[in-house]
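# Chains, contacts and geometry: an overview
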Amino acid sequence: MASGGNPFAPDVFDYRSKTTFNYFHQLIPDRREIMDQLLQAIQQDETAMLEDIFGADNVSLGIDLTTSAYSGPLMAARKRFAPDPFYSAVDFEGLPTGAQRRLLENSVIISGLFGLLRPDDLIPEYSLNISATVPEIGLLSSYWKPKISPFLNQVVQNKFVWDLLPESHQDTWDDNESYDARATINFYNHDGSVIEDDMVYLGQMMNFIVRGPAINIEALDDWKHPAGFKFSIEKSNLEGKRYTLALVPS
């Protein structure tokens, strides 16, 4: 994550802060519950427990960022996550104004600490993976699932959904298929195997989606991915409302 931010921005953990930059403010009590359990765990100072929360190689950073999160400077999520390979590949600053607006208004982020975010929601720097286990909370993906799914199902209702979620985030959504269709993407090697480390490719695809705008799979017919992939309808699964799209080397 990027460091820094605005120290005078509205408090995103304040129950009363229903601002433009705190879109899913109904989740504030749940965010505070996670934060309070994290702070209690840090006070207990048990190495094994802290490693389960932050990862064995990330305990010191996790502690530092958690203890300052309530009062730390804030930054829009899209800027905070900008160093991440996916967000870097999206290249928000390089998008035309209309594409930037489409991204801000039509995309949702799943977060270990915040549950759901819009790209312009203000957040502090933090270190908490969606697959972390927090005392009294449990596995974060399981904790968030019943809380964020109703909001997410409402957001995507009657829309075509480009699902660019990492695999670790997929189980956080209890999908009731309120959308018209939901498309996930697989990128393939020349030998026919699926590419596992695909976040840069997905970020570049997000750039294309919001530029288009690409509102259905027909938008892929004549498009060539910057890394040289082309849409293959033969290798894709288009049954029902949940599509798995294949992009193969051209």
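So, here is what we can say about the structure in this document. Here the residue numbering is sequential within each chain, running from 1 through the sequence in written order. Owing to the predicted nature of the model, reporting of local features is limited to residues with pLDDT of at least 70; listing and counting of side-chain atom pairs is limited to 80 or more, with chain, interface and lining totals taken over all residues. Hydrogen atoms and water are omitted, and side-chain values are computed over all heavy atoms in the structure.

## Remarks on the overall build of the chain
Secondary structure is summarised from DSSP: a helix means a run of H or I of at least four residues, a strand means a run of E of at least two, and numbering begins at the N terminus for each. When its secondary structure is counted, the chain shows nine helices and 10 strands. The globule rule puts the C-alpha radius of gyration for 250 residues at 18 Å, and the 19 Å found for the chain is close to it. Seen through its C-alpha atoms, the chain measures out along the principal axes to roughly 55 × 35 × 35 Å. Note on classification: 1.4 Å probe, protein chains only; a residue is buried when its accessible area is under 20% of the maximum for its type, exposed when over 50%, partly exposed between these limits. Split into buried and exposed, the 250 residues of the chain put 48% on the buried side. In what follows, residue pairs with any heavy atoms lying within 4.5 Å of each other are defined as contacts. The contacts of the chain with a sequence gap of at least 6 include a subset with a gap of at least 24, amounting to 58%. Here the chain holds 20 positive side-chain charges and 35 negative ones, and the gap between their average locations is 9 Å. To get the radius of gyration, use the C-alpha atoms; to get the globule rule, take the number of residues to the power 0.38 and multiply by 2.2 Å. The charged-residue count follows a simple rule in which Lys and Arg add positive charge and Asp and Glu add negative charge, with His and chain termini not counted at all. The atom standing in for a charge is NZ when the residue is Lys, CZ when it is Arg, CG when it is Asp and CD when it is Glu.

## Let's talk about the sheet that holds strand β10 (residues 242-249)
When DSSP finds at least two bridges between two strands, those strands are taken to pair. What the four strands build is an open sheet, ordered β7-β8-β10-β9; its pairing is mixed. Since the sheet does not close on itself, it has two edges, and those belong to β7 (160-162) and β9 (229-237), each with one partner. Averaged over neighbouring strand pairs, the angle between their axes works out to 35° when direction is ignored. In terms of strand pairing, β7 meets strand β8 (residues 181-187) through three bridges, oriented parallel. Only the contacting stretch of a helix is used when fitting its axis, a line to C-alpha atoms as for every element, and angles between N-to-C directions run 0 to 180 degrees.

## Some remarks on a negative patch on the surface
Candidates for patches are residues over 30% relative accessible area with no salt bridge; among them, like charges are joined within 9 Å and nonpolar side chains (Val, Leu, Ile, Met, Phe, Trp, Tyr) within 5 Å. Per-residue and other accessible areas were derived by the Shrake-Rupley procedure at a 1.4 Å probe size, with only the shown protein chains allowed to occlude residues. We define a salt bridge as a contact between a side-chain nitrogen of Lys or Arg and a carboxyl oxygen of Asp or Glu at a distance within 4 Å. A contiguous patch of negative charge, built from Glu167, Asp171, Glu196 and Asp197, is present on the exposed surface. Checked against the element boundaries, Asp171 lands in the loop between α8 (167-170) and β8. The exposed category is assigned to Asp171, whose relative accessible area is 57%.

## A word on the pairing of β8
By the criterion of burial, β8 is predominantly enclosed, with six of the seven residues buried. Relative to β10, β8 is paired through six bridges, and the arrangement is parallel. Within β10, the position partnered with Phe187 by the bridge is Leu247.

## Focus on unusual backbone geometry
Residue Pro213 is bonded to the preceding Gly212 through a cis peptide linkage, with omega at -10°. The topology assignment puts Pro213 in the loop between α9 (199-211) and β9. At Asn158, a position not held by glycine, the phi torsion is positive, near 60°. Relative accessible area serves as the criterion here: at 54%, Asn158 is assigned to the exposed category. The phi dihedral of Glu177 is positive, around 55°, even though this residue is not glycine. Relative to the helices and strands, Glu177 is located in the loop between α8 and β8.

## Looking at the nonpolar core
The set of buried Ala, Val, Leu, Ile, Met, Phe, Trp, Tyr and Cys residues whose side-chain atoms join them within 4.5 Å is what this entry labels a nonpolar core. Ile34, Ile53, Leu113, Phe114, Leu128, Leu140 and Trp144 are the most contacted members of the largest nonpolar core, which totals 44 residues. Elements supplying a minimum of two residues to this core: α1 (28-44), α2 (47-54), α3 (59-69), β2 (109-111), β3 (115-117), β4 (122-123) and α7 (140-155). With six residues, α7 is the single largest residue contributor to this core. Not counting residues within four places of it along the chain, the set of residues in contact with Leu128 comprises Ile34, Leu38, Ile53, Gly112, Leu113, Val134 and Leu140. The next biggest cluster of nonpolar side chains, apart from the first, holds 28 residues, and it includes Val90, Leu95, Met206 and Leu220.

## Overview of the pattern of salt bridges
A side chain of one charge can pair with a side chain of the opposite charge when the charged atoms of the two come close. Counted according to the given criterion, the structure contains six salt bridges. Note that Arg78 is salt-bridged to Glu93, the shortest N-O span being 3.3 Å. Taken together, the residues span a long stretch of sequence, with Arg78 in helix α4 (residues 77-80) and Glu93 in the loop between α5 (85-90) and α6 (97-106) at a distance of 15 residues. A relative accessible area of 17% means that Arg78 is categorised as buried. Within the structure, one salt-bridge network assembled from shared partners comprises Asp163, Asp175, Arg182 and Arg242.

## What about the packing of aromatic side chains?
Aromatic pairs are defined between Phe, Tyr and Trp rings, using the six-membered ring for Trp, whenever the two ring centres lie within 6.5 Å; interplanar angles under 30 degrees are classed as stacked, those over 60 as edge-to-face, and all others as tilted. Applying the stated criterion across every chain, the model contains 15 aromatic pairs. Ring centres of Tyr143 and Trp144 lie 5.3 Å apart, and the angle between their planes is 75°; on these two criteria the pair is classed as edge-to-face. Residue Tyr143 is classed as buried on the basis of its relative accessible area, which comes to 10%. The class for Trp144 is buried, based on a relative accessible area of 0%. Clustering of aromatic rings is evident, with ring pairs tying together Phe13, Tyr70, Phe114 and Tyr126.

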